[in-house]
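Next come the chains, spelled out residue by residue.
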Amino acid sequence: MFDWIHTLSAWLQTWLSPEAGLWGLFASAVLAATVLPGSSEVVMIALLTAHPELAWTAFAVALSGNLIGSMLTFGMGWGARQGYNRFSRVQWQLDERQVQRLNRWGPPALFLSFVPLAGDALVLAAGWLRLPPLYSAVWIALGKGFRYLLVVLGVLGVLTLA
């Protein structure tokens, strides 16, 4: 009589498998790195709580997804500037002091891309200013990797605040 409950339960458990959790983490990381709101850290913590043996795999998956999302944001900035230049009748000028600062720091400033909200804006601005994409990606990966490393070490109990 209640066989359907067992069937439904078995089907739901396939969605809760480690592989499905990694795919969910990847999707969450991609979306969280774009201008859409989201927190892949919450998904990572939930996955690692259920499957701590996946710590370094989850680290790699989250970092890959977040880097892809960040480069999408970088591309949006790049394309936004191109579109603005193409369709705008108004000439715009940048504050020369700000441009000099960004030129001085360049892509290494993208290490701070792990900072919530401000990091996404920084990546978008880097695309707008046409910083070198490959060099930018390296610095974004270092910053995002730092954040995910802290999450993994915290969940594994290696890093504590007390």
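This text follows the structure it describes.
Figured I'd write up the structure that's included with this text. (Residues numbered from 1 in each chain as written. Predicted model: local features only at pLDDT ≥ 70, side-chain atom pairs only at ≥ 80, totals over all residues. Heavy atoms only, no water.)

**Overview of the pattern of salt bridges**
Filter applied, for reference: Between Lys or Arg on one side and Asp or Glu on the other, a salt bridge is scored when a side-chain nitrogen of the former is within 4 Å of a carboxyl oxygen of the latter. We count a stretch as a helix when DSSP gives it H or I for four or more residues in a row; a strand needs E for two or more, and each element gets its number in order from the N terminus. With a 1.4 Å probe rolled over the protein chains alone, any residue whose accessible area is under 20% of its type maximum counts as buried; one over 50% counts as exposed, and the rest are partly exposed.
As enumerated under the stated definition, the model contains one salt bridge in all. Measuring nitrogen to oxygen at the nearest pair gives 2.7 Å for the salt bridge that ties Glu 41 to Arg 147. Of this pair, Glu 41 sits in helix H3 (residues 40-50) while Arg 147 is found in helix H7 (residues 133-155), placing the two residues 106 residues apart along the sequence. Owing to a relative accessible area of 16%, Arg 147 belongs among the buried residues under this scheme.

**What about H7?**
How we decide: Here the expected length of a helix is defined as 1.5 Å per residue gap, with one fewer gap than residues.
In this model H7 runs 32 Å from its N-terminal to its C-terminal C-alpha over 23 residues, within 8% of the 33 Å that 1.5 Å per residue would give. Those residues of H7 not exposed but buried are Ser 136, Ala 137, Ile 140, Gly 143, Lys 144, Gly 145, Arg 147, Tyr 148, Val 151 and Val 152. Positive phi appears at Gly 157, one or two residues downstream of H7, with a value of about 85°.

**Digging into the side chain of Glu 41**
To keep it simple, the criterion reads: Between N or O atoms, a polar contact is any pair within 3.5 Å; within protein, one atom must be a potential hydrogen donor and the other a potential acceptor, and residues adjacent in sequence are included only when both atoms are from side chains. Only heavy atoms matter for contacts: two residues are in contact if any of them lie within 4.5 Å across the pair.
By relative accessible area, Glu 41 is classed as buried at 18%. Looking at Glu 41, its side chain comes within polar contact range of the side chain of Ser 39, at 3.0 Å. Once you skip the residues sitting within four places of it in the chain, Glu 41 turns out to touch Arg 147, Tyr 148 and Val 151.

**Quick look at the packing of H3 against H7**
Test applied: Fitting a line to C-alpha atoms yields each axis, with helices limited to the stretch in contact; the angle taken between N-to-C directions then spans 0 to 180 degrees. In this scheme, a crossing is called left-handed if the near helix is turned counterclockwise away from the far one by less than a right angle; it is called right-handed if the turn is clockwise. Polar here means any residue outside two lists: the nonpolar Ala, Val, Leu, Ile, Met, Phe, Trp, Tyr, Cys and Pro, and the charged Asp, Glu, Lys and Arg; Gly therefore counts as polar.
Viewed as axis vectors pointing N to C, H3 and H7 meet at an angle of 30°, and their least axial separation amounts to 10 Å. The crossing of H3 and H7 is right-handed. Residue-level contacts link Ser 40, Glu 41, Met 44, Ile 45, Leu 48 and Thr 49 of H3 to Arg 147, Tyr 148, Val 151, Val 152 and Val 155 of H7. Per-class residue counts for the contact of H3 with H7 are seven nonpolar, two polar and two charged.

**Structural notes on unusual backbone geometry**
Phi at Arg 130 is positive, roughly 60°, even though this residue is not glycine. Along the chain, Arg 130 falls in the loop between helix H6 (118-128) and H7.

**Concerning the environment of Leu 159**
Along the chain, Leu 159 turns up in the segment after H7. Taking the C-alpha atoms as reference points, Leu 159 and Leu 149, separated by ten residues in sequence, lie 9.9 Å from one another. Setting aside chain neighbours within four positions, we find Leu 159 in contact with Leu 150, Leu 153 and Gly 154.

**Examining the layout of surface pockets**
Under the convention used in this document: The way it works is a 1 Å grid over only the protein atoms, where trapped points that fit a 1.4 Å probe form a cavity and open points with protein on both sides within 12 Å along at least five of seven lines form a pocket, and then any residue with an atom within 4 Å of a point lines it. Grid points are joined across faces, edges and corners, and a volume is the space filled by probe spheres set on the points.
Each pocket or cavity is described by its volume, and for the largest pocket that value is around 260 Å³. Classifying every residue of the lining of the largest pocket by side-chain character gives nine nonpolar, six polar and four charged.

**Looking at a nonpolar patch on the surface**
This is how it is decided: Distance thresholds for patches are 9 Å for like charges and 5 Å for nonpolar side chains (Val, Leu, Ile, Met, Phe, Trp, Tyr), applied to residues having over 30% relative accessible area and no salt bridge. To be clear on the numbers: accessible area is Shrake-Rupley with a 1.4 Å probe, and residue cover counts the displayed protein chains and nothing else.
Taken together, Trp 56, Phe 146, Leu 149, Leu 150, Leu 156, Val 158 and Leu 159 make up a surface patch of nonpolar side chains, about 620 Å² in accessible area. The element that contributes the greatest number of residues to the nonpolar patch is H7, accounting for three residues.

**Let's talk about the packing of aromatic side chains**
For the record, the criterion: Only Phe, Tyr and Trp rings take part, Trp by its six-membered ring, and two of them pair if their centres are within 6.5 Å. Stacked means planes under 30 degrees apart, edge-to-face means over 60, and tilted covers everything else. Our definition puts a charge over a ring when NZ of Lys or CZ of Arg is within 6 Å of the ring centre and also within 35 degrees of the ring normal.
Taken as a whole, this structure holds six aromatic pairs when the rule is applied. A ring pair is formed by Phe 74 and Trp 78, whose centres lie 6.1 Å apart and whose planes are at 40°; its orientation type is tilted. Remark: Trp 78 and Phe 74 occur in helix H4 (residues 55-87); sequence separation between them is four residues, near one turn of the helix. Taking relative accessible area as the criterion, Phe 74 reaches 3% and is therefore assigned buried. Three or more aromatic residues link up through ring pairs in this structure, and these residues are Phe 111, Phe 114 and Phe 146. It is Arg 147 that lies over the ring of Tyr 148; its NZ or CZ is 4.7 Å from the centre.

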